[in-house]
Structure formats: C-alpha cells, structure tokens
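# Report on the structure
Chain residues, written in single-letter form:
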Protein chains: 2
Amino acid sequence: MDIIKPRTLSGFMELLPGKQAQMERMMEILRKTYSLYGFAPLDTPVIEDAQILLAKGGGETEKQIYRFSKGDSDLAMRFDLTVPLAKYVALHYGELAFPFRRYQIGKVYRGERAQRGRFREFYQADIDIVGDGKLDILNEAEIPSVIYRLFRGFGLTRFQIRVNNRKVLNGFYSMLGLSEKSGDIMRTADKLDKIGPEKVRAILVDDCGVSAQAADEIMSFMSIKGSNADVLAALEGYRGKDPVFDTGLDELRAVTENLAAFGVPEENFAVDLTIARGLDYYTGTVYETTLLDHPEIGSVCSGGRYDNLAGYYIDKPLPGVGISIGLTRLFYVLDEQGLLNPAAHSASADALVIPMSPEPTAAIALAEKLRAAGVRVQLYGEQKKFKQKMSYADKLGVPYAILLGEDEINAGKCSVKDLRTGVQVTVTAEEAAELILADKLAAENAPVILEK
Amino acid sequence: MDIIKPRTLSGFMELLPGKQAQMERMMEILRKTYSLYGFAPLDTPVIEDAQILLAKGGGETEKQIYRFSKGDSDLAMRFDLTVPLAKYVALHYGELAFPFRRYQIGKVYRGERAQRGRFREFYQADIDIVGDGKLDILNEAEIPSVIYRLFRGFGLTRFQIRVNNRKVLNGFYSMLGLSEKSGDIMRTADKLDKIGPEKVRAILVDDCGVSAQAADEIMSFMSIKGSNADVLAALEGYRGKDPVFDTGLDELRAVTENLAAFGVPEENFAVDLTIARGLDYYTGTVYETTLLDHPEIGSVCSGGRYDNLAGYYIDKPLPGVGISIGLTRLFYVLDEQGLLNPAAHSASADALVIPMSPEPTAAIALAEKLRAAGVRVQLYGEQKKFKQKMSYADKLGVPYAILLGEDEINAGKCSVKDLRTGVQVTVTAEEAAELILADKLAAENAPVILEK
C-alpha cells in the first residue's frame, strides 16, 4: 500500500495526551466557573449559512472566513461565537428567558496568514448576558467577579482586571468637540501600552487631525492613574460638562463600588482609562485582563457592554455584556513560557493494574473495584516481560502501578508501587483506593497554571 | 437596517438551553466513564488535508464529505473520528505509549440528504485502544465493561451488549467454501433483524449465489440462540474444522468468560451470531448495543477489533479495538421518544437571588457566599415588579428563588422559596446552601434517560 505522509495542517493545534489533559482541565474550570454564575451551556453549529454569518460583513472577516458551497448552499464556518449567539437569540427569541445568560466554549475559524502562535482553528470561551430591551448595570458589575474566580481557579493570583467605560470616553471626546473623531482617537489610544505616549500624541495630531491643545487634554486624561478611588475622584472633576460622560461615570462607580461584595480584591482590579477595545461595538463598560508578570501576552480575557447584539436578525434592541477568552492562544503562550503545571493531573489514569499471574480474573475484579471507588484505572493486558510492563507504566506517566501476583491474590491484597518514589506497599483494594484517591484529589486541586 | 431572517441550516442540531443541559450531562457521563478506564481525552482538528482524510477514498465518503479550497490548500472536514485517529497515531507514533487509549467526543460532518433524524453535523463519542504490532484479547474483553458502566451511568438497565467475532464468521464461511463471498453474505446476514430470515435466505441464494444447502447451513448457524454458555457450546460443535474459526471461538470465550469479573451481568450481554457490522474493517470481536424496549432505534453503540488502523499513513501494523456512539442521533431519538428525564438538572442555575432592596450589596455578597459553597447562582439585577421577577424565575426553571429584603438583611438571613412546591423558609446563607446542594446532588444523580 502506498503511504501518504501524515500531517496536521499549519495553524491547527493538535496536542499530545499530557498537554491535552491540561487543556481539558482548563476547559473544566471554565465550564464549572461559568456555571456557578448561572450561565447555560450553549452549542451552535460550526457551519452556518454564509449570508447570515456575513450579515455585518466587510474587512478582515470576509477575507479570513472559510466559505464554500455544498450543493446549492453557500456555507461558512463561524469566525467567532458572537455572531452565532446573535442568530440564536434572534431565532429563538420567543423561547428564551431574558436576561439570557449563556456560555459557549467552541472552535472558531479564521484563515489568517500562518505564523507562530497564530491559529486558524481555535477555541473561544465566551459568556454573554443578553437583555430584552434593557439590561441592568449590575450585570456589568458582576463580570469582574466571574473573571476573578476563573483566573483564581486556574491557579493565578498575579493578574489584573482592567475596566473602563466607553461612555466616559465618548463623553470626554464630546467635551472636546471631537465626537466624530472619537473612533480614530480611541483606536490610537488603545495602542498606548504598545507604542508609548509620544507616538500616540504624534498620531493624534498628525493622522487624526486633533489640535495640539486637545491632544494634550487627551494625554492628560489618559494619564489619570492610581487607586480606583483616586481615578474616580479625578473623573469627578469632569462631571457636569457632558451628560453621556456623567452616565458613564455613574456606571463606572456602580461597577467599582461592589467589588468587595463580589469578592474581587482591589489589587486584582483597576479602572484604566486607556482601555477602549478597538471595536465600535461596545457602548459601556469594557474589560481587559492581563497577567501582571507577563504583560507581553496582552489581554487574555476581554469584552464589554454592547447595545444591540442582533440588529441584523431581529427588530428588537437586545443589549448585553460579554467576555471572551482566546483559549487556544492562551494555552499556547502558557505552554511556550513553561507556565503549565506538569504536576497537574496530566496522566490518563491514576493507576495501571498489571496482572502478574496467567489468569487475569483477579486483576480484572480489582480494576473494577477501584473504578467503582472513583480511581481511573488502566488494565494492562499485554504479554510482556516485567521490565517492559514497568517501562510502559513510566512512559504513560501514571503515578501508581498495582501488581497482582499469586501471593497477593492468596492474601487478598495487592502491591501498590508509587512510581515517583519507588515505594511499594502491599494493601487491600480498599486501602489502595484510599491511597490513590488522596493523591488524585491533590493533583486535581493543584494549580493548572504556575506563576513564576 | 435590513433584517436577514435568522435560520439554522437543515441537518444541524441546535438545542434550547434545557435540552442542551441534558446533552451536556450525557457528555459529562461519557467523559467520566471513559476516563475511569484510562482513556486519554484527545482533540484533533475539524479540518484536515483532503488528501489525507480521503486516503482510503471511495464510495459514500467522497460524495458526502465537505471539501473545499482555501488559498492553495485542498481541505476537508472530518467525517468520522477514526481517520483522524489513524493520522494522529501515525504522526505521533514515536511520542505515544502503546497500547494507546484515547477517547474523543467531537463533531463530524457528512453532507447526507437531509431527512428527519439525520444530521449533517453530529457528535461521535469514540474510544479506541491501539496496540503496536500486537494487542491482547483482554482489551476486547474489557470493552463491554465500558459500555455497561456508561449506559448504567445514563440511567439505563434495559439494554443489551451483543457480541460476535468476525473470525468465527470467516472461519465458518471458509468451512462452507464460501470465503470469497463472505463479505456479501455477512452484509446480508446483518439485515436479519430488519428483513427476517426468509428474505435473507432468498438474497443469499438469488443474489449472492450461495447453494441452497449452504444457505440452509448459514440460516441454521445464524439461528443458534440461548444463554452465552448455550451458544458457546453449540459453536464447539464446529471446532476442529477451520483454524480461523477455532481462534475466533477462543477469543469469544475469552471475551465472555470474564464478564462477571468485569461487572457485566449476564442479562446485559449476549453472544449474537447474526452481528457482523457491515464493514470490511473489523477482524475480531464486534459489538452492538441495543435498548431492549426500543429495538427500532437500532444499535446505539457499535464497534470492534481491527488489525490495521493506520496502514495508509505508516508502515507499521497497529491493531486496535474501538467503539463509537452516534451521540447526536441518540440524543435526538431519546428526546423524540420522550425518554430524556426532565427532572435531571436541566436548569442553568440552582437558585436565583432576587434583591428586594434598592441597594444590591447584600444580595451580591449572598450570591458569592452560595457560589463559594458550590451553588450555581444567578443574580437578578433587573428593575422589575416582584411578579415579573418571579415569573422570570419560573421561566428559567430554577428550583429555588432566594429573596433578600431589608427584614432578611437585618436578621442576617434570606428567604428561600422552593418554586416547585411554593414552600418558603427563612434561613441563614449556610442553611440555604445546604438545602439547595442536597437538592442539586439529587438532580445530578437522577438518571438522564428514563426507561419506559
């Protein structure tokens, strides 16, 4: 038979079992955390009608989308989870309870130029709260709590949730008479971290046509820093000049003032006026999340408040708030930087049961007993030499090998060998289960991400 | 703005939140059960190089596959999880420990003619054990134990795992001098349940060119029935006439004799000589699983032993054994027949916390306290009338509403209303958590499928 050389497409992540286990662990923490806040799991098709997916159309999306025909159908693969959500909410409007909270962890597709750390197929892990006509600010205030619990669940403490409000920005630009240029200005200001204040100011004046005086005002506004109370106090100095600004400031206060009740420590949260999220889509609170020791990664969890989720599909205002995590990229970067915890539960079994007598019945029964107790057991059935069996156990990375020979069977016991320490004990099946489960629990509670 | 009518493509399942929760529950049981047997979770791209995916090529696959170009690339969407597994094992051969056990729950794509209950995008939930050169029969013997634990996990008792062995069949046809026709004969015999013995016999004689005498022998062989011991005893009558048959009979014995140790009751298992699985791929044990009260559904979990997983991609014999569940179709049929348990944990939250005072701080803190205890809490922030708030709770289907007014706050308590019974108690947050978690546990342990 002719052999076709196997390969995986460039830009498509495919992990070895140990790494995949770490990815699964992150997904489990995502599902569990999102569920704790009452978000319902949602699953929508990977393929949609291209006309529907491209309703907004334009720009990068049209270029990057995977679009093709099958029979008479013009099909496309989803490029995010927001457009499918909009379609879902519009289509099932009458059957949903609003506010509608959903989470979705799913693959999306963008045919970008292939480069290191860029993926064409990648997971997004999104939550959204969608209101019918209205949505209370309390929902926006709750989002940092979800992010905080999530990143703590990953094992992190050194991260910061950065929050701003688009109404504050829009109102401020309105005060300067720059409303029409606010989109350009915000996109420029968003680069502050990357290119520094001088270049931002230069672009504002040279490219955006902002006067030198207004540019100074903008730079001075952007440089407001300090504790949440400091920043809010400084913003109070602008109150009364623009109604949109005042509303934004009230919202920013509402999001900030209940942080303690939401369990978010002050050090994990900052009002940051430089954040705009380079999208015209957001209208209120916007969020970014950075790892304090790894600013080069950029924001790992971003989102915000929007006013009109599904205007392309339904004639109803559906405001909402949501955040998205680019899970595949996050995982890739964490792995590349050596931040994934190798101790965290990455073996596919807790124990390998190795029959040492010709008759496997006792080993089978032992394996089933341990499984019934919750131990993940692989039964080793191959006819190999003892050394090869142990070498397999090592390669598999299981913490324990359980040996069952005639002596153990006659004594109603089994020999449990800790492969990390080499220590072997001969115990009953119940004792073996207890021993292994204690270890399993510790591994499950180990942080999936390490801080360095 | 022009409205585009939202729709979901025909043949693509998209569930409402309550149903989706039931689907998630099934997936969780699948993941948990597969993990207990040491299967490692695997995730491979949905899109692969078309040449690689179609290495085997031919027939329905080429017609049904979603294939398209992007730039210079000839791409295709996976139509099963077996071919991507073969590619994965061949590609990562040097990095895997064999036997390699993996499970994968993922979407696959087949552009079939759309019809009721047929899906173009559907989940498969597969396990495979792949050996390097050899794979012990013990692995084949373990598969019914996985299936049994899985379906019990779903809440079922009235199901039967049916097992046969291709070597027994091949050996038998060899005895009759019909080896060359064995493929046609097995495909015909596989229809026995559907079209009955007379039609099968007619096809054998008229279409397959089997002599009347041989057809009688085949029909008599196929009619061997009874307990596992009865069937094996009847098969012993054929021993010594064909070496392949004898090996197959030994394997069938090995798979059957340790059932008790594997925890599989005799009534959930049957040696069934009519099963062939209509694929040339299988070479040893083959499996089907039927719901006893719903034979019309057909097999809900099938698979078998194969000798050469990845011959198209690597010059090494990689024998294996695997089973596959067509999860989307199974879910659809269960739902259609009303067999999904509505009581099983389908609400997206365990409790809705409703602030009854203008200041939400106490309600926020209560929600966080309950979440820390493991209660899935949705916080209701909308400014609505009490009646509308309660009507939302009802629509959401949450079992409990928690009301927090000035009285409760001052007393350090909260009012917990069971929305199913209308009973309301005023308790501390700790007591509320205990009450709700007991209920949550019961819902989580409720069978996801009901037997009727």
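Scroll up a little and you will see the structure.
Okay, so let's go over this structure. (Residues numbered from 1 in each chain as written. Chains lettered and ligands numbered in written order. Predicted model: local features only at pLDDT ≥ 70, side-chain atom pairs only at ≥ 80, totals over all residues. Heavy atoms only, no water.)

## Looking at the overall build of chain A
Broken down by element type, chain A carries 17 helices and 16 strands. Dimensions of chain A, computed from the C-alpha atoms along their principal axes, are close to 90 × 60 × 45 Å. Put simply, chain A has 452 residues, and 59% of those count as buried. The contacts of chain A with a sequence gap of at least 6 include a subset with a gap of at least 24, amounting to 69%. The positive charge centre, built from 54 side chains, and the negative charge centre, built from 63, are 4 Å apart in chain A. (Helix = DSSP H or I, 4+ residues; strand = E, 2+ residues; numbered from the N terminus. Buried < 20%, exposed > 50% of the residue type's maximum accessible area, 1.4 Å probe, protein only. Contact = heavy atoms within 4.5 Å. Lys, Arg positive; Asp, Glu negative; His and termini not counted. Charge placed at Lys NZ, Arg CZ, Asp CG, Glu CD.)

## A word on the interface of chain A and chain B
Facing the 101 residues of chain A at the interface are 101 residues of chain B. A buried area of about 8600 Å², summed over both sides, lies between chain A and chain B, and 59% of it is on carbon and sulfur atoms. Taken together, chain A and chain B are joined by 10 salt bridges. Arg 149 of chain A is paired through a salt bridge with Glu 368 of chain B; the nearest N and O atoms lie 2.7 Å apart. Across the contact surface, chain A and chain B share 50 residue pairs in polar contact (both at pLDDT 80 or more). (Buried area = accessible area lost by both parts, 1.4 Å probe. Salt bridge = Lys/Arg side-chain N within 4 Å of Asp/Glu carboxyl O. Polar contact = N/O pair within 3.5 Å; in protein donor to acceptor, adjacent residues only side chain to side chain.)

## Section: the pattern of salt bridges
Side chains that differ in sign of charge can pair as their charged atoms come close. Evaluated as defined, the whole model comprises 62 salt bridges over all chains. Residues joined by salt bridges that share partners form a network here, namely Arg 101, Glu 142 and Arg 149 of chain A together with Glu 368 and Arg 371 of chain B.

## Concerning the pairing of strand β16 (residues 424–427) of chain B
Residues and elements named next belong to chain B. The pairing of strand β15 (residues 414–418) with β16 spans four bridges and is antiparallel. Bridge pairing links Val 416 to Val 425 in β16. In textbook terms, the turn of a hairpin is the stretch between consecutive antiparallel strands, and for β15 and β16 this stretch comprises five residues, one of which, Gly 422, has a positive phi near 85 degrees. (Pairing = 2+ DSSP bridges.)

## Details of the side chain of Arg 25 of chain B
Residues and elements named next belong to chain B. Structurally, the position occupied by Arg 25 is in helix α1 (residues 17–36). In this structure Arg 25 is buried but unpaired, with Glu 28 as the nearest side chain of opposite charge at 5.8 Å. Only 2.8 Å separates the side chain of Arg 25 from the backbone oxygen of Ala 446, close enough to count as a polar contact.

## What about the side chain of Arg 102 of chain A?
Residue and element names in this part refer to chain A. Note on placement: Arg 102 falls in strand β5 (residues 100–109). According to the relative accessible area criterion, Arg 102 is buried, its value standing at 0%. Sequence-distant contacts of Arg 102, that is, excluding residues within four places in its chain, are made with Phe 39, Ala 40, Leu 42, Leu 81, Leu 85, Asp 126, Ile 127 and Asp 128.

## Here's the deal with the relation of the copies chain A and chain B
For the match of chain A to chain B, the screw axis carries a shift of 0.0 Å, the RMSD comes to 0.0 Å, and the turn is 180 degrees. In symmetry terms, the pair is related by a two-fold rotation axis. For chain A, the minimum C-alpha distance to the rotation axis belongs to Phe 68 of chain A and amounts to 3.1 Å. Here 100% of the interface residues in chain A have copies in chain B that are interface residues too; the copies meet face to matching face. (Least-squares fit on C-alpha atoms with pLDDT ≥ 70 in both.)

## Thoughts on the environment of Val 231 of chain B
All names here are of chain B. Looking at the secondary structure, you find Val 231 in helix α10 (residues 228–236). For Val 231, a relative accessible area of 1% corresponds to the buried category. Residues Val 231 and Val 146, spaced 85 residues apart in sequence, show a C-alpha to C-alpha distance of 23 Å. Excluding residues within four positions of it along the chain, Val 231 makes contact with Ile 224, Lys 225, Gly 226, Val 271 and Leu 273.

## Quick word on helix α17 (residues 429–445) of chain A
Residues and elements named next belong to chain A. Relative to the 24 Å expected for 17 residues at 1.5 Å per residue, α17 spans 24 Å between its end C-alpha atoms, a close match to the ideal helical length. All of the buried residues along α17 are Ala 429, Ala 432, Ala 433, Ile 436, Lys 440 and Ala 443. Projected down its long axis, α17 shows its buried positions confined to an angular sector of 90 degrees, all on one face. For α17, the exposed residues lying more than 90 degrees away from the buried face are Glu 434, Ala 438, Leu 441 and Asn 445. The elements touched by buried residues of α17 are α1 (17–36), β12 (351–355), α14 (361–372), β14 (400–404), β15 (414–418) and β16 (424–427). (Expected span 1.5 Å × (residues − 1). Arc of directions from axis to C-beta.)

## Focus: the sheet that holds β16 of chain B
The pairing of strands in a sheet comes from backbone hydrogen bonds and takes either a parallel or an antiparallel form. All names here are of chain B. Ordered in space as β13-β12-β14-β15-β16, the five strands form an open sheet in which the pairing is mixed. Strands with a single pairing partner mark the edges of an open sheet, and in this sheet they are β13 (377–379) and β16. Averaged over all pairs of adjacent strands, the angle between their axes in this sheet comes to 25 degrees, without regard to strand direction. Across the face of the sheet, helix α14 (residues 386–396) comes into contact with β12 (351–355), β13, β14 (400–404) and β15 while running at roughly 170 degrees to β12. (Axes fitted to C-alpha atoms, helices over the stretch in contact; angles between N-to-C directions.)

## Quick notes on the packing of aromatic side chains
Inspection of the entire model under this criterion finds 36 aromatic pairs over all chains. Look at Tyr 148 of chain A and Phe 159 of chain A: their rings are 5.8 Å apart centre to centre, the planes differ by 40 degrees, and that puts the pair in the tilted class. Here the residue Tyr 148 of chain A occupies a position in helix α5 (residues 137–153), and Phe 159 of chain A occupies one in strand β7 (residues 159–165), the gap between them amounting to 11 residues. On the basis of relative accessibility, which here comes to 0%, the residue Phe 159 of chain A falls in the buried class. Each ring, one from Tyr 380 of chain A and one from Tyr 392 of chain A, has its centre 5.0 Å from the other, and the planes form 45 degrees; the classification is tilted. With a gap of 12 residues between them, Tyr 380 of chain A in the loop between β13 (377–379) and α15 (386–396) and Tyr 392 of chain A in helix α15 connect regions that are remote in the sequence. Like Tyr 392 of chain A, Tyr 380 of chain A is buried. By way of ring pairs, the aromatic residues Tyr 66, Phe 68 and Tyr 109 of chain A together with Tyr 66, Phe 68 and Tyr 109 of chain B are connected into one cluster. Just above the ring of Tyr 400 of chain A sits the side chain of Arg 420 of chain A; from NZ or CZ to the centre is 5.3 Å. (Phe/Tyr/Trp six-rings, centres within 6.5 Å; stacked < 30°, edge-to-face > 60°. Lys NZ or Arg CZ within 6 Å of the ring centre and 35° of its normal.)

## Quick word on the packing of α1 of chain A against helix α13 (residues 327–336) of chain A
Residues and elements named next belong to chain A. Where α1 meets α13, the closest approach of the two axes is 11 Å, and the angle between their N-to-C directions is 130 degrees. Considering the angle they form, α1 stands oblique to α13. For the crossing formed where α1 meets α13, the hand is right-handed. Every residue of α13 that contacts α1 at Lys 19, Gln 22, Met 23, Met 26, Met 27 and Leu 30 is listed here: Leu 327, Thr 328, Leu 330, Phe 331, Leu 334 and Asp 335. (Parallel < 35°, antiparallel > 145°, perpendicular 65-115°, else oblique. Left-handed = near helix turned anticlockwise from the far one by under 90°.)

## Things to note about empty space enclosed by the protein
Going through the model one piece at a time under the given rule, you end up with seven cavities of 30 Å³ or more. Elements represented by at least two residues in the lining of the largest cavity include exactly α1 and β5 of chain A together with α1 and β5 (100–109) of chain B. Here the residues of the lining of the largest cavity sort into 16 nonpolar, four polar and 10 charged. (1 Å grid on protein atoms, 1.4 Å probe; cavity = no way out; pocket = protein on both sides within 12 Å on 5 of 7 lines; lining within 4 Å. Points joined across faces, edges and corners; volume = space filled by probe spheres on them. Nonpolar A, V, L, I, M, F, W, Y, C, P; charged D, E, K, R; others polar.)

## A closer look at a nonpolar patch on the surface
Residues and elements named next belong to chain A. Taken together, the side chains of Val 423, Val 425 and Leu 435 present a nonpolar region at the surface, about 210 Å² in accessible area. When you line up the elements, Leu 435 lands in helix α17. Since its relative accessible area comes to 35%, Leu 435 is described here as partly exposed. (Patch = residues over 30% accessible without salt bridge, like charges linked within 9 Å, V, L, I, M, F, W, Y side chains within 5 Å. Areas by Shrake-Rupley, 256 points an atom, 1.4 Å probe, with all protein chains shown as cover.)

## Some points on the sheet that holds β15 of chain A
All names here are of chain A. If you walk across this open sheet you meet the five strands as β13-β12-β14-β15-β16, and the pairing is mixed. The open sheet terminates on both sides in strands that have one partner only, identified here as β13 and β16. With direction set aside, neighbouring strand axes in the sheet form an average angle of 25 degrees. Where β12 meets β13, three bridges bridge the pair, whose relative direction is parallel. Bridge pairing links Leu 352 to Gln 378 in β13. Contacts from α14 reach β12, β13, β14 and β15, with the element oriented near 165 degrees to β13.

## Digging into the environment of Phe 269 of chain B
Residues and elements named next belong to chain B. You can see Phe 269 is positioned in strand β8 (residues 269–271). Sequence separation between Phe 269 and Leu 30 is 239 residues, and the spatial gap between their C-alpha atoms is 20 Å. Phe 269 has contacts with Pro 144, Gln 160, Ile 161, Val 163, Asn 228, Val 255, Thr 256, Leu 259 and Val 264, leaving out every residue within four places of it along the chain.

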